[in-house]
Amino acid sequence: MPIKLYVVHGSHPAAAVARALEMKGLAYEVVELLPPLHFAIQRVRFGAPTVPAVRLESGEKVSGSTAIMRRLEELAPAPPLFPSDPAARAEVERAERWGDEDWQAVVRRLLWVALDRSRAAMPSYLEHARCRLPAPVIRALAPGAILAERKMNDATEARALDDLPALPRHLDRIDAWLADGVLGGETANAADLQIATSTRLLLTIGDVRPLLAGRPCETHAMRLFAQWDGWIPAG
């Protein structure tokens, strides 16, 4: 019986875990949930409201991308998601933690505020979803879904206005890690997957995509996650 991976289509941490499973050659089956209904379903199944989560062949349940990455490393050590050298591993873990705790949150806030201003773009984020609803239904459900996501992610106008001028500093940090070799190796590590997925999602927002144009972090995200649903036109 394959591993069951519980996701919301377009979730960047879920995409990171899916890529890790593929890298390690572990068979898995995707269980796609509809937002914001997934909050209640996941709380009942895993005791936490968010995705990703996995149910292993043994029946063991693991929730959260960082915890899942470490469990996958134990199940299938090759190819490694973390360097064997302790100092190098500490740097990768530091970048991974920032990607999970900080970068994901910034991108989520900007995305949901942007979608609230451009609700017509919502169907584009579900273009290749397994349980895709008709576009008119998605647009009808968008106000409630966006409200729930904004509340869940503290995606207020004030937070977004603080996030925008801070974006260049965040992108500089990613570019520095790429220059230092913490990110961007021949084989993706856990930090690559955590950070590149969020960067790739950010690239779907037309008003901020020019800030990434030509940067190493843009190349990094596109190399690892070229295909991604969704587009919010500039303006």
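Look a little higher up for the structure.
Remember, it's a predicted structure, so these values are computed and weren't measured experimentally. (Residues numbered from 1 in each chain as written. Predicted model: local features only at pLDDT ≥ 70, side-chain atom pairs only at ≥ 80, totals over all residues. Heavy atoms only, no water.)

Colleague: I tried to follow the packing of helix H1 (residues 12-23) against helix H3 (residues 65-75) on my own but got confused; where do I start?
Modeller: Axes are the key here: two packed helices are described by the angle between their axes and the distance separating the axes. The geometry of H1 relative to H3 is characterised by a closest axis approach of 10 Å and an angle of 5° between their N-to-C directions. Taken together, the axes of H1 and H3 are roughly parallel relative to one another. Residues Pro 13, Ala 16, Val 17, Ala 20 and Leu 21 of H1 pack against Ser 65, Ile 68, Met 69 and Leu 72 of H3. Partitioning the contact of H1 with H3 into residue classes produces eight nonpolar, one polar and no charged. (Axes fitted to C-alpha atoms, helices over the stretch in contact; angles between N-to-C directions. Helix = DSSP H or I, 4+ residues; strand = E, 2+ residues; numbered from the N terminus. Parallel < 35°, antiparallel > 145°, perpendicular 65-115°, else oblique. Contact = heavy atoms within 4.5 Å. Nonpolar A, V, L, I, M, F, W, Y, C, P; charged D, E, K, R; others polar.)

Colleague: Help me out: how do you make sense of empty space enclosed by the protein in this one?
Modeller: A complete count under the given rule lists one cavity of 30 Å³ or more for this structure. Put simply, the largest cavity is a space of about 40 Å³. Around the largest cavity, the lining residues are Val 8, His 9, Glu 32, Leu 33, Leu 34, Pro 35, Leu 126, Ala 129, Cys 131 and Arg 132. (1 Å grid on protein atoms, 1.4 Å probe; cavity = no way out; pocket = protein on both sides within 12 Å on 5 of 7 lines; lining within 4 Å. Points joined across faces, edges and corners; volume = space filled by probe spheres on them.)

Colleague: I'm lost on the nonpolar core in this one. Help?
Modeller: Among soluble globular proteins, nonpolar side chains are generally buried collectively. Counting 67 residues, the largest nonpolar core has Trp 103, Leu 115 and Leu 202 as the members making the most contacts within it. When contributions to this core are tallied by element, the ones reaching two or more residues are strand S1 (3-8), H1, H3, helix H4 (86-117), helix H5 (135-152), helix H6 (157-180), helix H7 (190-202) and helix H9 (216-224). Considering every element that reaches this core, the biggest residue donor is H4, with 12 residues. Among all residues touching Leu 115, those that are not within four sequence positions of it are Ala 121, Met 122, Tyr 125, Ile 146 and Ile 232. Counting residues in each nonpolar core, the second largest holds seven residues, with Tyr 6, Val 31, Phe 46 and Ala 53 among its members. (Core = buried A, V, L, I, M, F, W, Y, C linked by side-chain atoms within 4.5 Å. Buried < 20%, exposed > 50% of the residue type's maximum accessible area, 1.4 Å probe, protein only.)

Colleague: Would you mind showing me how to read the layout of surface pockets here?
Modeller: If you roll a probe as big as a water molecule over the atoms, it shows you where there is empty space left. Computed from the structure, the largest pocket encloses a volume of approximately 1,300 Å³. Put simply, the parts of the chain that give the lining of the largest pocket at least two residues each are S1, H1, strand S2 (28-33), helix H2 (38-46), H4 and H5. The element that contributes the greatest number of residues to the lining of the largest pocket is H1, accounting for seven residues. By residue class, the composition of the lining of the largest pocket is 30 nonpolar, 10 polar and eight charged. Around the second largest pocket, the lining is made up of 15 residues, and of these Val 113, Ala 114, Arg 117, Ile 205 and Asp 207 lie nearest the centre. Those elements that place two or more of their residues in the lining of the second largest pocket are H4 and H6. Grouping the constituent residues of the lining of the second largest pocket by class yields 10 nonpolar, two polar and three charged.

Colleague: What am I meant to see in the packing of aromatic side chains here?
Modeller: Aromatic ring pairs are described here by two measures, namely the spacing of the ring centres and the angle between the planes. With the rule as written, the count across this model stands at three aromatic pairs. Consider the rings of Trp 98 and Trp 177, whose centres lie 5.5 Å apart with planes at 65°: the pair is edge-to-face. Linking Trp 98 in helix H4 with Trp 177 in helix H6, this pair joins segments that are 79 residues apart in sequence. Here Phe 225 and Trp 228 contribute two aromatic rings whose centre-to-centre distance is 6.1 Å and whose plane-to-plane angle is 85°, an arrangement assigned as edge-to-face. For Trp 228, a relative accessible area of 16% puts it in the buried group. (Phe/Tyr/Trp six-rings, centres within 6.5 Å; stacked < 30°, edge-to-face > 60°.)

Colleague: Would you take a moment to explain the sheet that holds strand S3 (residues 53-55) for this structure?
Modeller: Sheet strands pair via backbone hydrogen bonds, and the direction of the pair is either parallel or antiparallel. Across the sheet, four strands lie side by side as S2-S1-S3-S4; this open sheet has mixed pairing. The two strands at the open ends of the sheet, each matched to only one other strand, are S2 and strand S4 (61-63). The average undirected angle you get between the axes of adjacent strands in this sheet is 20°. Here H1 sits on the sheet in contact with S1 and S2, set at roughly 155° to S1. Those strands touched by H3 are S3 and S4, and its axis lies near 135° from that of S4. (Pairing = 2+ DSSP bridges.)

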